[in-house]
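The chain contents come next:
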Amino acid sequence: MFVRLFIVFYLSISNVFAIETSLTSQQWLEKMSQSMKSLNYHGTIAFVKNGRLDAMKYFHQIDNGKEKERLLSLNSPIRDVIRDGGEVRCFYKDLQTTVINHRPSSGSFILNLPVSFSALNNNYHIVVEKEALVATRSAHVISIVAKDNYRYRRKIWIDNQHFLPLKMEIYNLSDELLEQVMFTEIQIGQKIPLVFTGSDKGVKIKHIHQAKPFSTDETDIVLENIPSGFQITSFSRMKVGKSVHLVDHLLLNDGFSSISIYRDITSHNNQKSQQQSFGVINSFTHFVKNHQITVMGEVPAKTVQFVAQGVQARSH
């Protein structure tokens, strides 16, 4: 009897494994994207960025067909962030300030995903690697390797049963780990009420409204250097910092990575170019005639410099 039960168990496990491994890398990513948007789940996430470890509680739920997320920090400084449809509300306890960002966005707090995965193969080698355990759950590792040096290499650990991302890593061009996001424990299927820590009473409230979008044909920015796979996804004019002028903003995206190009009018034309890095974020600023050009994004330093040095102003 024991031998018969063992054979039945072995065959059932083999069948499940065969179904899982028969999926292509694109199918794994597509199933993950759907699960992230449609399931109720929560857990504890460890963020490792710039050599710093942050532990946060994460909640995701579907409420009357609307997607909601919450991130709550477990260590100082205390932050509580909730995305409810097109509004993101962030409470900073130490500052007693709530920032409300009114922006129509469906992007996840934990992982950026493309709208379509079919075009990714033009710029990335995407392969299914061996299985591994994350938060005691079995997962398949999806390796996403850039075909050029204009974007980072990534890995995503996708849960075998529910297809949720359990762990994500980003590597620089020297194959050094830049950023890691990982569930240390996760509960799937349970719906937890999202109660915002902040209050509208006794705290400062700052509203951020999405800049008015324009047709990309209306921009005076000419891009001579665009890495393969990056497409212009939006153009807007906005108030930025202490600038007395409206700043033009172009957004590029290749599915996983985004690049922002800002153009501001300035009278300071003799300043030196500046390169800055903040973990996975790099920026490059230089001056063209009476314009300050700043390019930043989740891409290598050479990418933002390449794009910035190809920015020109369209003559009228």
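Residues numbered from 1 in each chain as written. Predicted model: local features only at pLDDT ≥ 70, side-chain atom pairs only at ≥ 80, totals over all residues. Heavy atoms only, no water.

## A few points about the overall build of the chain
No. 1: Across its full length, the chain holds three helices and 21 strands.
No. 2: In the chain, buried positions account for 43% of the 316 residues.
No. 3: Partitioning the contacts of the chain with sequence separation of at least 6, the portion at a separation of at least 24 is 50%.
No. 4: Just so you have it, the chain exposes about 17100 Å², and 53% of that area is on carbon and sulfur atoms. (Helix = DSSP H or I, 4+ residues; strand = E, 2+ residues; numbered from the N terminus. Buried < 20%, exposed > 50% of the residue type's maximum accessible area, 1.4 Å probe, protein only. Contact = heavy atoms within 4.5 Å. Areas by Shrake-Rupley, 256 points an atom, 1.4 Å probe, with all protein chains shown as cover.)

## Structural notes on the pattern of salt bridges
No. 1: In this structure the tally under the stated criterion is 20 salt bridges.
No. 2: Ionic pairing is found between D84 and K68, a salt bridge with its closest N-O pair at 3.9 Å. Highlighted residues: D84 in strand β4 (residues 79-84) and K68 in strand β3 (residues 66-73), separated in sequence by 16 residues.
No. 3: Overall, D84 belongs to the partly exposed group, its relative accessible area being 28%.
No. 4: Each of D63, K66, K68, D84 and K191 takes part in one network of salt bridges that share partners. (Salt bridge = Lys/Arg side-chain N within 4 Å of Asp/Glu carboxyl O.)

## Quick look at helix α3 (residues 301-308)
No. 1: Within α3 the residues assigned to the buried category are T303, V304, V307 and A308. Taken down its axis, α3 places every buried residue within 125° of arc, on the same side. (Arc of directions from axis to C-beta.)

## Thoughts on the packing of aromatic side chains
No. 1: Inspection of every chain in the model, using the stated rule, returns five aromatic pairs.
No. 2: For the pair W28 and F163, a centre-to-centre distance of 5.3 Å together with 55° between the ring planes defines the contact as tilted. With W28 in helix α2 (residues 25-38) and F163 in the loop between β9 (153-159) and β10 (165-171), this pair connects stretches of sequence that are 135 residues apart.
No. 3: Among the aromatic residues, those joined into a cluster by ring pairs are Y41, Y58 and F183.
No. 4: Stacked on the ring of Y124, the Lys or Arg R151 has its end atom at 5.8 Å from the ring centre. (Phe/Tyr/Trp six-rings, centres within 6.5 Å; stacked < 30°, edge-to-face > 60°. Lys NZ or Arg CZ within 6 Å of the ring centre and 35° of its normal.)

## Comments concerning the pairing of strand β16 (residues 247-253)
No. 1: The buried fraction of β16 is high, at five of seven residues.
No. 2: With seven bridges connecting them, strand β15 (residues 231-238) and β16 associate as antiparallel partners. If you follow Q231 over to β16, its bridge partner there is N253.
No. 3: Looking at chain direction, β16 and strand β17 (residues 258-265) are connected through six bridges and run antiparallel. Each bridged residue has a counterpart across the sheet, and for L250 the counterpart in β17 is I261.
No. 4: Turn length for the β16-β17 hairpin, with the two strands adjacent in sequence and antiparallel, is four residues, and the turn residue G255 shows positive phi of about 115°. (Pairing = 2+ DSSP bridges.)

## Some details on the confidence of the model for the chain
No. 1: Mean pLDDT over the chain: 84, with 84% of residues reaching 70 or higher.
No. 2: Confidence over residues 5-19 falls short of pLDDT 50; this stretch has one contact with residues more than four positions distant or in other chains. (pLDDT = per-residue confidence, 0-100.)

## Re the pairing of β9
No. 1: For β9, the buried fraction is high: seven of the seven residues fall into the buried class.
No. 2: Here β9 shows a buried face lined by R153, K155, W157 and D159 and a second buried face lined by R154, I156 and I158.
No. 3: Inspection of the sheet shows strand β8 (residues 137-146) paired to β9 by six bridges, in the antiparallel sense. Within β9, the residue paired with S143 across the bridge is K155.

## Some remarks on the side chain of S283
No. 1: With respect to the helices, strands and loops of the structure, S283 is situated in strand β19 (residues 281-288).
No. 2: Leave out the neighbours within four places in its chain, and S283 touches Q274, Q275, Q276, F278, V295, M296 and V304.

## Looking at the nonpolar core
No. 1: Ranked by size, the top nonpolar core spans 37 residues in total, and within it L29, I110, I156 and I158 carry the most contacts.
No. 2: The dominant element in this core, judged by the number of residues it contributes, is β8, at five residues.
No. 3: Those residues in contact with L29 that sit more than four places away from it in its chain are F117, I126, I142, I156 and I158.
No. 4: Counting residues in each nonpolar core, the second largest holds 17 residues, with I293, V295, V304 and V311 among its members. (Core = buried A, V, L, I, M, F, W, Y, C linked by side-chain atoms within 4.5 Å.)

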